[in-house]
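Structure assessment
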Amino acid sequence: MKRQLGVLISDQVSRAGILVPASELMAAEERGRIARRAQGLPAGTPTHIQHDMHRAIGWTFTLGHFIDGSMVRAIGMTDEVETDKEKADLSELAAKYWEWIRAEGGEGVKDELSEILSPRSLDGATYERIEAFAVSRPGIAVELYPELFELGRDAVDKDGLTDYRALTKRMRQLQPGVFLDPERKLVLFAHRYFRRNQSHKNKLNEYFLRSFGQTANEFIALTPRLRLDPDLLGHADSVLPLLELEHWHGPKFSDDVESIPSGSTEHKGDDRTRFFEGVDKTQFWWKSPETREEDGTEVMYRTFEVEELIDNVSAGLLGDRYACRYVHAEYSPAASAITHFDGAIRAYPALEYFERIERNIDRAGKHSEYTKLFRFDGPLPVDRWKRLLSDYFRGNPLIPEYLGASPEDFASSVKPTTSLVISDEPEELSAFIALAHDQLTSEIGIDADPAVLPNGKQMAAVETGCGAVHDYLSSKLDLSTAMAIEPVDGTLNLARLGFAASPTFPALMSEVVAGVAEALPLDVKEFGLKRVSVALSWPFGDMIVLLSLRGAPGPLISALEQLLSVIDPNEAPSKWIEPLSALVKRLAPRSTPVMDFWDVTEGLLTCRREAGTELSFRMPSQLVGKLIADGLMKAAPI
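Residues numbered from 1 in each chain as written. Predicted model: local features only at pLDDT ≥ 70, side-chain atom pairs only at ≥ 80, totals over all residues. Heavy atoms only, no water.

So, about the overall build of the protein chain. Scanning the protein chain for helices and strands turns up 15 helices and 29 strands. If one aligns the C-alpha atoms of the protein chain with their principal axes, the spans along those axes are about 120 × 60 × 45 Å. Counting across all 638 residues of the protein chain, residues that qualify as buried make up 52%. A separation of at least 24 residues holds for 69% of the contacts in the protein chain among residues at least 6 apart in sequence. Working note: accessible area of the protein chain is about 30000 Å², and carbon and sulfur atoms make up 50% of it. For the protein chain, the distance from the average site of its 71 positive side-chain charges to the average site of its 97 negative ones is 2 Å. (Helix = DSSP H or I, 4+ residues; strand = E, 2+ residues; numbered from the N terminus. Buried < 20%, exposed > 50% of the residue type's maximum accessible area, 1.4 Å probe, protein only. Contact = heavy atoms within 4.5 Å. Areas by Shrake-Rupley, 256 points an atom, 1.4 Å probe, with all protein chains shown as cover. Lys, Arg positive; Asp, Glu negative; His and termini not counted. Charge placed at Lys NZ, Arg CZ, Asp CG, Glu CD.)

Turning next to the side chain of Glu128. You can see Glu128 is positioned in strand β5 (residues 126-129). At 3.2 Å, the side chain of Glu128 and the side chain of Lys201 are in polar contact. Glu128 has contacts with Arg102, Phe133, Ala134, His200 and Lys201, leaving out every residue within four places of it along the chain. (Polar contact = N/O pair within 3.5 Å; in protein donor to acceptor, adjacent residues only side chain to side chain.)

So, on to the packing of aromatic side chains. Counted according to the given criterion, the structure contains 29 aromatic pairs. Taken together, a centroid distance of 6.0 Å and an interplanar angle of 40° make the contact between Trp538 and Trp576 tilted. Of this pair, Trp538 sits in strand β27 (residues 531-540) while Trp576 sits in helix α14 (residues 573-587), placing them 38 residues apart in sequence. Here Lys110 stacks its cationic end above the ring of Tyr127, 4.6 Å away from the centre of that ring. It is Lys287 that lies over the ring of Trp285; its NZ or CZ is 4.6 Å from the centre. (Phe/Tyr/Trp six-rings, centres within 6.5 Å; stacked < 30°, edge-to-face > 60°. Lys NZ or Arg CZ within 6 Å of the ring centre and 35° of its normal.)

A few words now on unusual backbone geometry. Here the residue pair Ser118 and Pro119 is connected by a cis peptide bond, since its omega of 10° sits within 30 degrees of zero. Topologically, Pro119 is positioned in the loop between α3 (106-117) and β5. In this chain, Phe505 is followed by Pro506 through a cis amide linkage whose omega measures 5°. Relative to the elements of secondary structure, Pro506 occurs in the loop between β26 (497-498) and α12 (507-527).

Taking every second residue as pointing to the same face, both faces of strand β9 (residues 178-181) are buried, with Val178 and Leu180 on one and Phe179 and Asp181 on the other. Remark: two residues form the turn of the hairpin made by strand β8 (residues 172-175) and β9, two consecutive strands paired antiparallel; Gly177 in that turn has positive phi of roughly 85°. Examined bridge by bridge, β9 and strand β10 (residues 186-189) share four bridges and lie antiparallel to one another. When the bridges of β10 are listed, Phe179 appears paired with Leu188. Taking the residues that link successive antiparallel strands as the turn, the β9-β10 hairpin has four residues, and the phi of Lys185 there is positive, at about 60°. (Pairing = 2+ DSSP bridges.)

Reading across the sheet, the four strands line up as β22-β23-β24-β29 and stay open at both edges, with mixed pairing between neighbours. The open sheet has two edge strands, β22 (449-452) and β29 (617-618), and neither has a second partner. Pairing between strand β24 (residues 483-485) and β29: two bridges, direction antiparallel. The residue of β29 that forms the bridge with Ile485 is Phe617.

Glancing now at the nonpolar core. Of all hydrophobic cores here, the largest spans 68 residues; its most connected members are Phe194, Leu233, Phe341, Phe374 and Trp385. Among the elements that make up this core, the one with the highest residue count is helix α9 (residues 382-392) (five residues). The contacts of Phe374, once residues within four sequence positions are left out, are Leu161, Phe194, Phe208, Phe212, Arg225, Leu226, Val327, Phe341, Asp342, Gly343 and Tyr392. Of all hydrophobic cores here, the second largest spans 56 residues; its members include Met26, Ile67, Ala495 and Val512. (Core = buried A, V, L, I, M, F, W, Y, C linked by side-chain atoms within 4.5 Å.)

This is the structure in structure tokens:
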């Protein structure tokens, strides 16, 4: 098993213009842990290569939420499978997880769908939770909406594409590619070939479908057509946005199509593209200028074709078939515009595909199962066409590469919501909130670590600083049986203090935090402390909350003094993470890129010490006497 630590998400505006507040990030973790525990599932979710539900690669879980002067980050760990046994175990666990996700809250919706669709049979139907809770059965949408699917109908062309303007006049688009029928309270979807792996288990290509809709709305002279999914219907009240945290966008490049030489070319994917996107190569072909007669006038045009050749069979197709995205366009020099543009899937059985992949596009012929997905007829500006082209081939970097994108073209156009001063100076203050399935049994306790004496005997050791903080904690706790650790190199990582549910909670916690805050300045002066961490824990339902604060003594002490006026230990962390973040930003507003997530795997945020750092211990006289009496230590001669 390979483990990777990283930032999963933050509360800042993403490149896609999406902002998830810290309170919702925290609430999602709270809900998820509670729900998964009830199902016998571990915390976290399956991890899939490029959001493809057919390509599970590991399991990702949140360690906690890191707060500094710039943002709140969810820090997580991904366990990536390597061995066959690990892959089999992941497959079983992921299947159990998705079975639960599809069933969660779906029984009532399933019953309503059955009632709406009655008397049509749902025998053999399957159910998915995608953009909506949906039922899948061959031809189910055609049975209810033949006028949008059947050839010969006014709104359907010879290729089975639906007139987009007729569709949106009758139905309301809730999301790109998701259309509401308000009368039946059902939703129709764009065809599943707009999904990764051509599968109902994956999200629609929102990038292209949004660009498609925007283009149709902005360019009235165009005739847009779109293929709908004949096998899928969704429940209107269950529609929710699916969030995929990736950023795909097209490049800025020359629009001088006429200067592009005729002929075919091929761009080969690198190892990263082949692994994440499954794209082996992409072939492009500009044909020489041609002429034809239209309305008695001879017109000149150029034809463009592009086909993406992939590495893996498509899970959404029956048999070992390779579904390759394909585009065809015509350019008019007279109009300086694209006048026809369509996209399709070319599906190849394995043997035919192995022959196709060895040929250039200009010599490949048309030996595939061809399914057209969309079409535009009419003048389309070249820059908009390139936007659509790039979005249709979402995830394939060979398209913008061919079109001449420079690295600068991939910079985000989304501006941050706040202006922060970036500094390379050391971090002044940060916090970390984690949840754990554990219990606290003592009204107040302190975490001890084992320390090995020269004779091999293990003793409990707690880092208290051996100064004013130690003296204060000794008034609240029995520290007589543990060795105390002194600060080293100006660093104190105070051992975690735990407070169980009791009649004195949370008043005792508030009292102790205030006492530590009052004692710390004395230790700062005595030991020359430069960095300090303080950790607390307390109950939250059948879990515990783990809260750590770390930083320079000044801001840290100020944070401790105000802590219990900002957080409420009787409330879920999602209720107070925003005020805590505001406190950290107020005390240490500078945005410092922090990569030091030391000890977060243990639910802690501590000040890092170099490996091999020698620690100094002090033993209480009571403990020394006991060790001498037990023969484990000799008294020094006077």
